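# Per-entry structural report
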Amino acid sequence: AGILTGDDRVELIEGDLIEMAPTGPEHADYVDYISETIRTQTPLKVRLQHPITLPEHSEPEPDIALVNPRRYWKAHPHPDDVRMIVEVADTSLEKDKQVKVPLYARFSIPEVWIVDVQGRAVDCFWNPRIDAAGARYTQSKRVEQGQAIVTSETIPGITLSLHELWKRS
């Protein structure tokens, strides 16, 4: 329709175009560090800030998506391809927790990490369920700065040192 340009930062969430905050240097650095760390720990494909296609008119662009290791030249990954999502939240913590986490649960994404930059913690969600109460993750944990390591609950070998994550060089 010509209403968007290539410079517009938006993602499609349940049929609505949602404006995304500009990527600042701190956010970009966290995404780079986490993705570089994870790439060394898994044969899964690590995609950065690219869409995943969810049914019912959603195409979120998670900061990091761990997907099945194949090429996605005909279509973006679908829920069955996605093994884990990592969102880095410096200004988007509430949106990520209130909107994206339930959306990912609804489509059975096995695990989601929200990196809370302001709180210096990582919120981990796994074991998605849909019931009368809606879509949710039945298990979660918050790993705070004083704890040493975040470990994936669904993908063996995925760990992240919080000391290294928050370290400033």
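Quick summary incoming for the structure in this document.

Rules used in this analysis
- Residues numbered from 1 in each chain as written.
- Predicted model: local features only at pLDDT ≥ 70, side-chain atom pairs only at ≥ 80, totals over all residues.
- Heavy atoms only, no water.
- Helix = DSSP H or I, 4+ residues; strand = E, 2+ residues; numbered from the N terminus.
- Polar contact = N/O pair within 3.5 Å; in protein donor to acceptor, adjacent residues only side chain to side chain.
- Contact = heavy atoms within 4.5 Å.
- Salt bridge = Lys/Arg side-chain N within 4 Å of Asp/Glu carboxyl O.
- Pairing = 2+ DSSP bridges.
- Axes fitted to C-alpha atoms, helices over the stretch in contact; angles between N-to-C directions.
- Core = buried A, V, L, I, M, F, W, Y, C linked by side-chain atoms within 4.5 Å.
- Buried < 20%, exposed > 50% of the residue type's maximum accessible area, 1.4 Å probe, protein only.

## Considerations on the side chain of Thr42
Among the structural elements, Thr42 can be located in the loop between α1 (25-39) and β3 (45-48). In terms of polar contacts, Thr42 uses its side chain to reach the backbone amide nitrogen of Leu44, at 3.1 Å. Filtering out sequence-adjacent residues up to four positions away, Thr42 remains in contact with Leu66, Ile155 and Ile158.

## Examining the pattern of salt bridges
Tallying each qualifying case throughout the model produces 9 salt bridges. Between Arg70 and Asp81 there is a salt bridge; the shortest N-O distance is 3.7 Å. Of this pair, Arg70 sits in the loop between β4 (64-67) and β5 (82-89) while Asp81 is found in the loop between β4 and β5, placing the two residues 11 residues apart along the sequence. A single network of salt bridges, built from pairs that share partners, joins Lys97, Asp116, Asp123, Arg142 and Glu144.

## Considering the sheet that holds strand β8 (residues 134-144)
Across the sheet, 6 strands lie side by side as β3-β4-β5-β6-β7-β8; this open sheet has mixed pairing. With partners counted over all chains shown, the strands left at the sheet margins are β3 and β8, one partner each. With direction set aside, neighbouring strand axes in the sheet form an average angle of 20°. Pairing of β4 with β5, which is carried by 4 bridges, proceeds in the antiparallel orientation.

## Comments concerning the nonpolar core
By size, the foremost hydrophobic cluster in this structure holds 25 residues, and its most contacted members are Ile34, Leu66, Val86, Trp113, Val115, Val150 and Leu165. For this core, the elements supplying multiple residues, two or more each, are α1, β4, β5, β6 (111-116), β7 (121-131) and α3 (162-166). Ranked by residue count, the leading element in this core is α1, at 4 residues. Sequence-distant contacts of Val115, defined by excluding residues within four places in its chain, comprise Ile34, Val86, Glu87, Val88, Ala89, Ala121, Val122, Leu165 and Trp166. In terms of nonpolar packing, the next biggest core, distinct from the first, is built from 19 residues, Ile52, Ala89, Phe107 and Tyr137 among them.

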